[in-house]
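One-letter residues, chain by chain:
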Amino acid sequence: MQLYLAAAPCYLPEARRWGLPIAHAAYRIDSGGRLAALALPPEVRGGLLLVTGTDCAAPPQPEALARDILRQCLQRDYSGVVLEPVLTAAAVTALESLCRRYGRTLYVPERCGGQMPDARVVVSTALSGGTLRRRLEEVCRRFGPRRIALDLACVRADFSLPAPYGDGTALTARQLAALREQRPVFFSPELCARYFTYGQGGMTHFVLFDDADTLRRKMALAAELGIQTGFLTLPEAAEALPLLLGKG
């Protein structure tokens, strides 16, 4: 599987250690609908341009925004663009057209995948119910496996049961370590993740988390289904990377 490591500029020294192409999480769309960038070292070249958010879901000049993004791709020699926020069809269409013309790969959120036949579709592996296999089989049927890029989310979440909406509280690595101490940990084949439970204040909590082994299993399932691209993110995946990449 071709892996990319998504990292903000402050994590670039760590990201470079692993030898993976980097998706540079240094970009967002400002309130005027134009591309805004964090400072990157001038020598940064290659990898992907990652747009992490937007203050303007409906850019008033979609063609201008598309040109902003393409200009950065040409200046930094980025091979593609990852668009995390969901924008208007006009904005995504303008960007897809320029990416196609200049040989750049466009990655879009799953909600946009059906309208953008030339774009790759980013699908998260994070689940709180159902099964990961069925989830990935369904998106493979919709888009075709070669169009899919997995967001290999390194989940650490605490759910108060019942959790009808699947909303959990994100945990830091330190919080997770404190909670799991001396508690039995189990593996869920359905979610392809580890979990444990505990009681507090008369409520039952369900803690779901990933590690290098669960991420490796998710990558193996993806490969079995023909999915060839995946994203890991710093700092969330930092603890898993040594074992996952065999550099521990």
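Residues numbered from 1 in each chain as written. Predicted model: local features only at pLDDT ≥ 70, side-chain atom pairs only at ≥ 80, totals over all residues. Heavy atoms only, no water.

Caption draft 1: Representation of empty space enclosed by the protein in the model. Applying the stated criterion across every chain, the model contains one cavity of 30 Å³ or more. Size it by volume and the largest cavity reaches roughly 30 Å³. Lining the largest cavity are Thr125, Ala126, Leu127, Val155, Leu191, Ala193, Leu208, Asp210 and Lys218. Among the residues making up the lining of the largest cavity, the classes are represented as six nonpolar, one polar and two charged. (1 Å grid on protein atoms, 1.4 Å probe; cavity = no way out; pocket = protein on both sides within 12 Å on 5 of 7 lines; lining within 4 Å. Points joined across faces, edges and corners; volume = space filled by probe spheres on them. Nonpolar A, V, L, I, M, F, W, Y, C, P; charged D, E, K, R; others polar.)

Caption draft 2: Layout of the pairing of strand S6 (residues 105-109). Within S6, four of the five residues are buried, which leaves the element mostly enclosed by the surrounding structure. Here strand S5 (residues 80-83) runs beside S6; their pairing, made up of three bridges, is parallel. Bridge pairing links Val82 to Tyr107 in S6. Handedness of the crossover joining S5 and S6 through helix H3 (residues 89-101): right-handed. Two elements, S6 and strand S7 (residues 120-124), share three bridges in a ladder whose sense is parallel. For Tyr107, the partnering residue across the bridge sits in S7 and is Arg120. (Buried < 20%, exposed > 50% of the residue type's maximum accessible area, 1.4 Å probe, protein only. Helix = DSSP H or I, 4+ residues; strand = E, 2+ residues; numbered from the N terminus. Pairing = 2+ DSSP bridges. Right-handed = clockwise from strand over helix to strand, strands pointing away.)

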